[in-house]
Amino acid sequence: MAQAQKITPRAKDFSEWYGDVITQAQLADYSPVRGCMVIRPHGYRIWELMQRALDDMFKATGHRNAYFPLFIPMSFLAKEAEHVEGFAKEVAVVTHTRLKATGKTGTGAIAVDPTSALEEPLVVRPTSETIIYAMFAKWIQSYRDLPLLLNQWCNVVRWELRTRLFLRTTEFLWQEGHTAHVDEADAEREARLILGLYRRFAEEWMAMPVLTGVKTESEKFAGALRTYAIEALMQDNKAIQGGTSHNLGQNFAKAFDVKYQTAAGGLEHVWNTSWGVSTRLIGGLIMTHSDDNGLVAPPKLAPVQVAIVPIWKTDEEKQQVSGVGSQVKADLEKAGLRVELDLRDTMKPGAKYFEWEALGVPVRLEIGPRDLASGQVILARRTGGKGPAPLQGATDSVTKALDEIQASLFAAARERREKNSIRGATKAQFIEFIKDSGGFAYGGFCGGASCEAEIKQQTNATIRVLPDPEFRSPEAPKTCMWCGKPSVAEAVWAQAY
Ligand SMILES: [Zn+2]
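Residues numbered from 1 in each chain as written. Predicted model: local features only at pLDDT ≥ 70, side-chain atom pairs only at ≥ 80, totals over all residues. Heavy atoms only, no water.

J.: Mind laying out the overall build of the protein chain, listing which residues take part and the relevant values?
T.: In terms of regular secondary structure, the protein chain is built from 14 helices and 25 strands. The C-alpha atoms of the protein chain give 26 Å as radius of gyration, which agrees with the globular expectation for 497 residues (23 Å, within 12%). Along the three orthogonal principal directions, the C-alpha set of the protein chain runs to about 80 × 70 × 50 Å. The contacts of the protein chain with a sequence gap of at least 6 include a subset with a gap of at least 24, amounting to 70%. (Helix = DSSP H or I, 4+ residues; strand = E, 2+ residues; numbered from the N terminus. Rg over C-alpha atoms; globule rule 2.2 N^0.38 Å. Contact = heavy atoms within 4.5 Å.)

Put into structure tokens, the structure is as follows:
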């Protein structure tokens, strides 16, 4: 493996830094297809760990996985007016089914066969509401069929001009939940339940504190009644929308004629919800915790939680330290931890440390002959701090360190967020705050779409959420931070990814 390159410091260029961290940790790479990324094994492992945790939560709350087609008839997209408007500008369309040989050589050797044009073009799913609710119409007859709680893990395509690994790519991986309910209250309860799960996942697994709340009309999902979101603040003080949960009302049920017979014998349209998180969360994880030495992965989602690096000079020493290293590895694995034992003899220990650091491994155990003589190993934390730990009971020391790292990452991220949040700012202070440092700005909002648009146009800041009660300021703002009219809700603004 090539010697690790230098990582651009965050303070110098955050965007460069982000790219360097991804490259050094071998998380993802740009692909020959413009706008599309390749997720490399170390990055995909993070996704697998995220999937497992989320999937367990979904299943524990009664959801089941299913799979729907990648292609959607173009006419389906047109059935819900807001929905088509929201996605029309970014869908990929399949119009033909065949290529044919042209008789030429080189890149011109094949061409689209014009005789293979599809009668109805297909769109590559940008999201699956339409195809899923078309099926729901077939499966739902009675109130006894409700609630119907499905989820699918898949890829979606939204044509993007700008690419940023994990944050914005034309194709990305995600899960999309789709449910149907008897009434608004049950759909609302579901949308809220999922928002709570997303928050728990972000905070307990990713150690990424989030605000929860409802999106404004202009920021909600195309076709939804209400959109809820989790929002996190990155180290450059820009926000990232980590996940959304929509109460779709009866919009799609009406468009796709999803009806059920009520207990009383009447016929009603169902109420739907949809909700999703994507590989974008990996971008959020990187930008929440990582430092100038590379990736910092929260222990619960770290592909490798412990790297054991034996140190030796002679063959005899090598045999001794690698023997102990193997034993420690076996013990740690028995405790359910993900461990690597680094026995490469082509690298010096220092270079190995550097590499495991860039990969974001939370705990490193150094095992040298002198440490062994005194019955100990050296435990180094990715987040800083290094000291001896007894060889007997090393598993306990490691487990404790991992728990502490997980907790300290969350605490540090929350402290940073609060330090970079302002409340009750005047218009002038708001403009200065967004321009200078950035962060979450809490303030009164008149509810006016024109006010919202003007703020966005002048400062590039958008309303991330109208926060839930627990995040609101102790005293509700009385006037709109921007126009001075009476405030209808407190809002949180930030520039966002
Ligand atoms: Zn206003």
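That shown, we press on.
J.: Go over the sheet that holds strand 20 (residues 376-381) with me, naming the residues and quoting the values.
T.: The strand order across the open sheet built from five strands is 18-17-19-20-21, with neighbouring strands paired in mixed fashion. The open sheet has two free edges, formed respectively by strand 18 (339-341) and strand 21 (386-390), since each of these has just one partner strand. With strand direction ignored, the average angle separating the axes of adjacent strands in the sheet is 25°. Here strand 20 pairs with strand 21 via five bridges, running antiparallel. Its bridge partner lying in strand 21, valine 377 is registered against alanine 389. On top of the sheet, helix 10 (residues 349-358) reaches strand 17 (306-310), strand 18, strand 19 (363-367) and strand 21; it is set at about 175° to strand 17, its chief contact. (Pairing = 2+ DSSP bridges. Axes fitted to C-alpha atoms, helices over the stretch in contact; angles between N-to-C directions.)

J.: Mind laying out the packing of aromatic side chains, listing which residues take part and the relevant values?
T.: Enumeration according to the criterion identifies 15 aromatic pairs in this entry. On the basis of an interplanar angle of 70° and a centroid distance of 6.5 Å, the ring pair of phenylalanine 58 and tyrosine 198 is categorised as edge-to-face. One end of the pair, phenylalanine 58, is in helix 2 (residues 41-60); the other, tyrosine 198, is in helix 6 (residues 184-205), and 140 residues separate them in sequence. Both residues of the pair, phenylalanine 58 and tyrosine 198, count as buried. The interplanar angle of 55° and the centroid separation of 5.7 Å between the aromatic rings of tyrosine 133 and phenylalanine 252 together place this pair among those described as tilted. Of the two residues, tyrosine 133 is situated in helix 5 (residues 129-139) and phenylalanine 252 in helix 7 (residues 251-256); the sequence distance between them amounts to 119 residues. Summarising the burial analysis for this pair, tyrosine 133 and phenylalanine 252 share the class buried. (Phe/Tyr/Trp six-rings, centres within 6.5 Å; stacked < 30°, edge-to-face > 60°. Buried < 20%, exposed > 50% of the residue type's maximum accessible area, 1.4 Å probe, protein only.)

J.: Can you break down the side chain of threonine 212 residue by residue, with the values?
T.: With respect to the secondary-structure elements, threonine 212 resides in strand 11 (residues 211-214). For threonine 212, the side chain forms a polar contact with the side chain of aspartate 468, separated by 2.6 Å. (Polar contact = N/O pair within 3.5 Å; in protein donor to acceptor, adjacent residues only side chain to side chain.)

J.: Residue-level account of the nonpolar core, with values.
T.: The biggest cluster of nonpolar side chains holds 67 residues, and the ones touching the most others in it are Met50, Phe166 and Trp493. The dominant element in this core, judged by the number of residues it contributes, is helix 2, at eight residues. When neighbours within four sequence positions are excluded, methionine 50 is seen to be in contact with Phe201, Met206, Leu281, Ile282, Leu285 and Leu301. One finds Val91, Ile131, Ala253 and Val270 within the second-largest nonpolar core, a separate group that totals 26 residues. (Core = buried A, V, L, I, M, F, W, Y, C linked by side-chain atoms within 4.5 Å.)

J.: Describe the coordination of the zinc ion, naming the residues involved and giving the relevant values.
T.: For the zinc ion, the full set of protein donor atoms is Cys446 (SG), Cys451 (SG), Cys480 (SG) and Cys483 (SG), at a range of 2.3 Å. One can describe the site at the zinc ion as tetrahedral: its four donor atoms subtend angles covering 103 to 114° at the metal. In primary-sequence terms, the residues that donate to the zinc ion follow C-x4-C-x28-C-x2-C. Placement of cysteine 446 in the loop between strand 23 (440-445) and helix 14 (449-459) and of cysteine 483 in the loop between strand 24 (462-467) and strand 25 (489-494) is noted, with a sequence separation of 37 residues between them. A residue is classified by how much of its surface remains accessible, and cysteine 483, at 35% relative accessible area, is partly exposed. (Donors = N, O, S within 2.8 Å, 3.2 Å for Na, K, Ca; no water. Tetrahedral: all angles 85-135°; square planar, octahedral: opposite > 155°, others 65-115°.)

Everything listed here is a matter of coordinates, which is why it stays silent on function.
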